[in-house]
Amino acid sequence: MQISQLSRKNVQALTPYQSARRLGGNGDVWLNANEYPTSPNFDLINRTFNRYPEAQPADVVNGYAQYAGVKPENVIVTRGGDESIELIIRAFCEPSDSVLYCPPTYGMYSVSAETCGVALKIVPLTADFQLNLPEIERNLDSVKVVFVCSPNNPTGTFIKRSDLLKLLQITAGRAIVVVDEAYIEFCPEATMVSELTNFPHLAIIRTLSKAFALAGLRCGFTIANEELIGVLQKVIAPYPLPVPVSDIAAQALTEQGLNEMKQRVANVLENRAWLIEQLKTIPNVMEIFDTETNYVLVKFQDGQKVFKALWEKGIILRDQHKALGLQNCIRISIGTKEELERVVEAIKAV
Ligand SMILES: *Cc1c(COP(=O)(O)O)cnc(C)c1O
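Residues numbered from 1 in each chain as written. Predicted model: local features only at pLDDT ≥ 70, side-chain atom pairs only at ≥ 80, totals over all residues. Heavy atoms only, no water.

Details of the packing of helix α5 (residues 80–92) against helix α6 (residues 108–115)
Taken N-terminus to C-terminus, the directions of α5 and α6 make an angle of 45°; their axes are 9 Å apart at the nearest point. Of the possible angle classes, the one that applies to α5 and α6 is oblique. The hand of the α5/α6 crossing is right-handed. Contacts between α5 and α6 involve D82, I85, E86 and I89 on the former and, on the latter, M108, Y109, S112 and A113. (Axes fitted to C-alpha atoms, helices over the stretch in contact; angles between N-to-C directions. Helix = DSSP H or I, 4+ residues; strand = E, 2+ residues; numbered from the N terminus. Parallel < 35°, antiparallel > 145°, perpendicular 65-115°, else oblique. Left-handed = near helix turned anticlockwise from the far one by under 90°. Contact = heavy atoms within 4.5 Å.)

Encoded structure:
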């Protein structure tokens, strides 16, 4: 009897999330995880390590609530946005319930659902990367949580606000609608936060990993009405955030931290515009999808050839060839100007 055979059946069947780090590569240009290309610098202020931390560090909760325009009761801090995803499934889904999601989208919704042994209902996005609402409505039986990513990873596109509102209407009283806003800092006007007063079943996921340039910190949030947050508080680990994490997160949420974040966003948007202009001139490029984020999805004549050629030069991008409907597509995170120059040069050389 092998130990792995003692694990739950769904865990035995599970294919773990193919994170950028797991996929490896031997690069000096890393543009495969939508990280910010340089690190902010922080010193620790709190050096008390012998005591357990606060369950929900007040300065982080208050700082994030103020930044997001909600009350502290509307915020729970988690170990990255990824923990928020699993927490919502664990708190709301019975084994007989299911989770609905709309590929091509972020891979962790299905991985977390499978880990929890919860069934998946898959309703692909339409050809223009929007919700297929009639099909979602037909599939709502037994669905407890619907995940929508907007702006969507890996396409970079928005889900129409009017469609999100219709989704909230057809799910009222029966399921939680999670809107994953991991990239909202790059298009802040698209946030659904203002709808929280209308929809008690809306949960919004956020993170410090992208515009805040703190992917290594592991700090994320769920924003929702107090009752929903209360449910998540019941199931979250007792001390989810290490002292150094909350210390740095609180600093990132000060006025100065927020100004630096906005500066970073402006820088990303400038570099993104430059990259898109360059890509338009390359014959091998078939389509550059609209983007509201810190990455751009590009369709090539032979995407896999481009991906491999750059990989061999130490330029690590994210291959999307196997994602639903994204044959020959590559996702390119916006790096420094120098990194993007190397990308452009290398693509031209393929
Ligand atoms: C990056 C990302 C997250 C969360 O990442 P964490 O690093 O766990 O905070 C959540 N959703 C999407 C779509 C993402 O791209």
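Anyway, onward from the coordinates.
Re the state of the cysteines
This model, assessed by the stated rule, comprises zero disulfides. Considering cysteine sulfurs only, C116 is the nearest to C93, which forms no disulfide, with 7.7 Å between them. Accessibility expressed as a relative area gives 13% for C93, which makes it buried. Of the cysteine sulfurs around C329, a residue in no disulfide, the closest is that of C149, at 17 Å. Owing to a relative accessible area of 1%, C329 belongs among the buried residues under this scheme. (Disulfide = S-S within 2.5 Å. Buried < 20%, exposed > 50% of the residue type's maximum accessible area, 1.4 Å probe, protein only.)

Here's the deal with the nonpolar core
Among the nonpolar cores identified, the biggest contains 84 residues, and L131, L208, C219, F221, L317, I332 and I347 are the most heavily contacted of them. Broken down by element, this core gets its largest block of residues, seven residues, from helix α11 (residues 255–279). Inspection of this core shows a minimum of three residues originating in each of domain 1 (3–38 + 257–349) and domain 2 (58–254). Counting residues in each nonpolar core, the second largest holds 27 residues, with A113, V118, V145 and A224 among its members. (Core = buried A, V, L, I, M, F, W, Y, C linked by side-chain atoms within 4.5 Å. Domains from an automatic or database assignment.)

Looking at the packing of α11 against helix α13 (residues 337–349)
Where α11 meets α13, the closest approach of the two axes is 10 Å, and the angle between their N-to-C directions is 10°. Our classification of the angle between α11 and α13 gives roughly parallel. In the crossing of α11 with α13, the sense of the turn from one axis to the other is right-handed. Along the contact surface, α11 presents N271, W274, L275, Q278 and L279, while α13 presents K337, L340, E341, V344, I347 and K348. Taken together, the residues of the contact of α11 with α13 break down into six nonpolar, two polar and three charged. (Nonpolar A, V, L, I, M, F, W, Y, C, P; charged D, E, K, R; others polar.)

Some remarks on the side chain of D180
In this fold, D180 is placed in strand β6 (residues 176–180). Although D180 is buried, it makes no salt bridge; K210 carries the closest opposite charge, 7.0 Å away. (Lys, Arg positive; Asp, Glu negative; His and termini not counted. Salt bridge = Lys/Arg side-chain N within 4 Å of Asp/Glu carboxyl O.)

Concerning the pattern of salt bridges
Taken as a whole and judged by the stated rule, the model has 12 salt bridges. For E83, the salt bridge identified is with R79, shortest N-O distance 3.5 Å. Here E83 falls in the buried class, since its relative accessible area comes to 11%. With relative accessibility at 41%, the residue R79 sits in the partly exposed group. For E181, the salt bridge goes to R206, with nearest N and O atoms at 2.9 Å. Here E181 is found in the loop between β6 and β7 (202–207), whereas its partner R206 is found in strand β7, with 25 residues between them in sequence. The pair E181 / R206 is uniform in exposure class, with both members buried.

Looking at the sheet that holds strand β8 (residues 220–224)
Within the open sheet, the seven strands sit side by side as β2-β8-β7-β6-β5-β3-β4. Their pairing is mixed. The sheet terminates laterally at β2 (75–78) and β4 (119–122), the two strands that pair on one side only. On average, each strand axis in the sheet is inclined to that of its neighbour by 25°, with strand direction left out of account. Bridging between strand β3 (residues 98–101) and β4 involves four bridges; their strand directions are parallel. Bridge pairing in β4 links Y101 to I122. (Pairing = 2+ DSSP bridges.)

Section: the UniProt feature "modified residue: N6-(pyridoxal phosphate)lysine" (unreviewed entry) in the chain
UniProt marks K210 with the feature "modified residue: N6-(pyridoxal phosphate)lysine" (unreviewed entry), using the numbering shown here. Position of K210 relative to the elements: it lies in the loop between β7 and β8. Contacts of K210, omitting those with residues within four sequence positions, involve A33, N34, Y36, A182, Y183, F186 and N294. (UniProt positions renumbered as here; feature names shortened; annotations may be inferred.)

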